[in-house]
Amino acid sequence: MSLSKWLRNYADSLAPSDRDVVRAGEVIDRTQDVIRHHLGNRFAIDRIRPLGSYLKKTSIWFTMDIDIVVYLNDGDPPFGRFKDELEDVVTMHLDEDCKETPLGVCFHVDGFGIDLLPAKNFLNHYGYAEERDAAETQVRNAHQFLRNNPHLALEDKFAYSSSLSEGAVKFEQERSAFSHSLSRLAKYWSLTIGIPGFKFGRSTIMECLGAKAAEDEEKSGSQDVLKGFRRFLQMIVAAQSLNVVWEIFYQVRDIPAAIRQQRPLLLDPTNPYNNLLEGDLGKHLLKMGPFASETLRRLQIAEFQEVYPIEIIFIPQPVWIRVFSTSTNQKRPQNYFVGRESSPLSVPKVETRAGAEGVDSSIAKHYLFSFADAVSAARLNAGGSEITTERVEEKLKEMISPGASWSPSNDRHEDKDMTFNIPVGKDAGEVIKISCDWR
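Quick caveat: nothing in here was measured; it's all calculated off a predicted structure.

Colleague: Can you help me understand the overall build of the chain in this one?
Modeller: If you tally the helices and strands in the chain, you get 17 helices and 11 strands. In terms of overall size, the chain behaves like a compact globule, its C-alpha atoms giving a radius of gyration of 22 Å where 439 residues would be expected to give roughly 22 Å. Seen along its three principal axes, the alpha-carbon backbone of the chain occupies a region of about 70 × 55 × 45 Å. The buried share among the 439 residues of the chain stands at 55%. Roughly 19,700 Å² of accessible area belongs to the chain as shown, and the carbon and sulfur atoms make up 47% of that amount. One finds the centroid of the 53 positive side-chain charges in the chain at a distance of 4 Å from the centroid of its 62 negative side-chain charges.

Structure (structure tokens):
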């Protein structure tokens, strides 16, 4: 099997299982029912749509979150009263730990992270063209509204991004299965790269860069995942000069000159006012350049040796110890306690206790979940042997504390500040529990 085929198989294996897609659908139905029941008579709700990577076909099974957009016929961003009441309703009926975000609220239901966003409905503004579907009409009418209101500052126009979400889904859904696989692989690679502070917008950036790499590869007459993945990595190496614009929902003439001249430029496919790499986002992407170069080197070695250990190609960068030693202001994980137990858990779960209050565990979570999946990937080999939970556990121990001597302990997971529950594969029936303190 070629490295390209191997990578394609792995990218496809990262997709959520049918069972989890069904579970996500049930969570969406429950959330929609709660919103309509408690807010439908107080606000002019036109429709509620599940969007994001869940519908784009670019989700990764162990990080699958759900975006739900509530389209309102009244009000404009920032939807202060609606967001306040929304947070109260979610806290009371879905998740008492609901938190406000810049554009909406976020919470968890049955293990799924949910971003719930209000948006202005434009479907009935400026007429409805029958030759366009609802998503395209919503996006084009939103653009017309923004053009008709030139007094709005760019940051205010960005606040209408959630009104364009249906267009973002349409953009991805009309791409090929090859493109979806490459975007999924790009997002997975990003999880293995520890850049403190790089969270907001990261998944969308990787998704779009993966789509661009796939588009360029398909224009060359090929759907080679290895070549496409290299294109993606090379874009990150040369991120300073990135200039990516899609003329699907808008034309170049619609892009403000101040944005058109920015570099790096990765323009939101649906929003000509939103450079996905503006400010700190672009700076964070530049920091990924050396890690992209290292991955290119690993791919070259793997292809030459005709040995394709996913766990080596995708071992997290920088290493665990270093990524937590670069910041002097943040707590660090220590005092590890590791074990295994039977569990029906099908998606990873993080349990946070009082000692970890205020800790950003996203890098630790992504390193552990992505590397565990990479170690398990040997099952994809033709005739490959089953990967035991014990082997995955040993590899994770080696990653978090290389060279350490592990011994039996009377510690308890519930006494630690945080526990990472890691199912090995989608239907393993057993989880690895890694608990630690943050000091």
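Colleague: Just to check I follow, could you spell out the packing of aromatic side chains for this structure?
Modeller: We describe a pair of aromatic rings using the distance from one ring centre to the other and the angle between the two ring planes. Within this structure, the stated rule accounts for 17 aromatic pairs. Relative to Y188, the ring of F62 lies with its centre 6.3 Å away and its plane at 80 degrees, an arrangement referred to as edge-to-face. On the criterion of sequence distance, the pair formed by F62 in the loop between helix 3 (53-56) and strand 2 (66-72) and Y188 in helix 8 (residues 177-191) is long-range, its members being 126 residues apart. Ring geometry for F171 and W246: centres 5.0 Å apart, planes at 70 degrees, overall edge-to-face. A residue pair is termed long-range when its members are at least 10 positions apart, and F171 in helix 7 (residues 165-173) and W246 in the loop between strand 6 (243-244) and helix 11 (257-260) qualify at 75 residues. In terms of burial, F171 and W246 fall into one category: buried. An aromatic cluster is built from Y10, W61, F62, Y188, W189, F229, F232 and F314, whose rings are joined through pairwise contacts. Between the NZ or CZ atom of R47 and the centre of the ring of Y71, over which it lies, the distance is 4.0 Å. Sitting above the plane of the F122 ring, K120 keeps its charged end 5.9 Å from the centroid.

Colleague: Please clarify how helix 16 (residues 362-376) should be interpreted in this entry.
Modeller: Note: α-helices contain 3.6 residues per turn, so residues at a spacing of three or four share the same orientation. The end-to-end C-alpha separation of helix 16 is 21 Å, in line with the 21 Å expected for 15 residues at 1.5 Å each. The buried fraction of helix 16 amounts to 13 of the 15 residues, a majority that puts the element mostly inside the structure.

Colleague: Where do I start with the packing of helix 1 (residues 3-13) against helix 8 in this structure?
Modeller: Helix-helix packing is described using two parameters, namely the angle between the two axes and the distance between the axes. Put simply, helix 1 and helix 8 touch, their axes get as near as 9 Å, and they point 80 degrees apart. Regarding the angle of helix 1 to helix 8, the classification is roughly perpendicular. The segment helix 1 lies against helix 8, with L7, R8, Y10, A11 and D12 engaging A177, F178, S181, R184, L185 and Y188. Each residue belonging to the contact of helix 1 with helix 8 can be placed in one class, and the counts come to 7 nonpolar, 1 polar and 3 charged.

Colleague: Help me out: how do you make sense of unusual backbone geometry in this one?
Modeller: Most peptide bonds take the trans form, and the phi angle of most residues other than glycine is negative. In the segment running from R263 into P264, the intervening peptide bond is cis, with an omega of -5 degrees. One can find P264 in the loop between helix 11 and strand 7 (265-266). The backbone of D110 shows a phi angle near 50 degrees, a positive value even though the residue is not glycine. Assignment of secondary structure puts D110 in the loop between strand 4 (105-109) and strand 5 (112-120).

Colleague: Please explain the environment of R147 as it appears in this structure.
Modeller: Structurally, the position occupied by R147 is in helix 5 (residues 134-147). Since its relative accessible area comes to 39%, R147 is described here as partly exposed. Spatially, the C-alpha atom of R147 lies 40 Å from that of K227, the residues being 80 residues apart in sequence. Excluding its chain neighbours within four sequence positions, the residues that come into contact with R147 are D254 and Y273.

Colleague: It is not clear to me how the pattern of salt bridges should be interpreted in this structure. Could you clarify?
Modeller: Pairing between side chains becomes possible if they bear opposite charge and their charged atoms approach one another. A complete count under the given rule lists 40 salt bridges for this structure. Ionic pairing is found between K212 and E215, a salt bridge with its closest N-O pair at 3.8 Å. With K212 and E215 both in helix 9 (residues 202-219) and 3 residues apart, the pair spans about one turn of that helix. With relative accessibility at 15%, the residue E215 sits in the buried group. R340 is the partner of E393 in a salt bridge, and the nearest nitrogen-oxygen pair spans 2.4 Å. Of this pair, E393 sits in helix 17 (residues 389-400) while R340 sits in strand 8 (residues 333-342), placing them 53 residues apart in sequence.

Colleague: Where do I start with the side chain of D20 in this structure?
Modeller: Turning to its location among the elements, D20 is positioned in helix 2 (residues 18-39). Within the structure, D20 has its side chain in polar contact with the side chain of R23 (distance 3.0 Å). Discounting chain neighbours no more than four positions away, the residues touching D20 are M64, F112, S346 and V347.

Colleague: In this structure, what is going on with helix 4 (residues 80-93)? I would like to understand it.
Modeller: Counted at 1.5 Å a residue, the expected span for helix 4 with its 14 residues is 20 Å, and the 20 Å between its end C-alpha atoms agrees. When helix 4 is considered as a whole, its buried residues turn out to be F82, K83, E85, L86, V89 and V90. Residues of helix 4 that are buried make contact with helix 2, strand 2, strand 3 (99-100), strand 4 and strand 5.

Colleague: How should the sheet that holds strand 11 (residues 430-438) be read in this particular structure?
Modeller: Remark on secondary structure: sheet strands pair via backbone hydrogen bonds, oriented parallel or antiparallel. Overall, antiparallel pairing links the 4 strands, which are arranged 8-11-10-9 in an open sheet. The two strands at the open ends of the sheet, each matched to only one other strand, are strand 8 and strand 9 (349-352). When the angles between neighbouring strand axes are averaged without regard to direction, this sheet yields 20 degrees. Bridge count for strand 9 against strand 10 (residues 418-423) is 4 bridges, and the pairing is antiparallel. Looking at strand 10, one finds that K349 is bridged to N421. Relative to strand 10, helix 16 is tilted by about 20 degrees, and along the sheet it contacts strand 9, strand 10 and strand 11. Helix 17 contacts strand 8, strand 10 and strand 11 of the sheet and is inclined by roughly 20 degrees relative to strand 11.

Parameters and conventions
Residues numbered from 1 in each chain as written. Predicted model: local features only at pLDDT ≥ 70, side-chain atom pairs only at ≥ 80, totals over all residues. Heavy atoms only, no water. Helix = DSSP H or I, 4+ residues; strand = E, 2+ residues; numbered from the N terminus. Rg over C-alpha atoms; globule rule 2.2 N^0.38 Å. Buried < 20%, exposed > 50% of the residue type's maximum accessible area, 1.4 Å probe, protein only. Areas by Shrake-Rupley, 256 points an atom, 1.4 Å probe, with all protein chains shown as cover. Lys, Arg positive; Asp, Glu negative; His and termini not counted. Charge placed at Lys NZ, Arg CZ, Asp CG, Glu CD. Phe/Tyr/Trp six-rings, centres within 6.5 Å; stacked < 30°, edge-to-face > 60°. Lys NZ or Arg CZ within 6 Å of the ring centre and 35° of its normal. Expected span 1.5 Å × (residues − 1). Axes fitted to C-alpha atoms, helices over the stretch in contact; angles between N-to-C directions. Parallel < 35°, antiparallel > 145°, perpendicular 65-115°, else oblique. Contact = heavy atoms within 4.5 Å. Nonpolar A, V, L, I, M, F, W, Y, C, P; charged D, E, K, R; others polar. Salt bridge = Lys/Arg side-chain N within 4 Å of Asp/Glu carboxyl O. Polar contact = N/O pair within 3.5 Å; in protein donor to acceptor, adjacent residues only side chain to side chain. Pairing = 2+ DSSP bridges.

What is shown is where atoms sit, not what they do.
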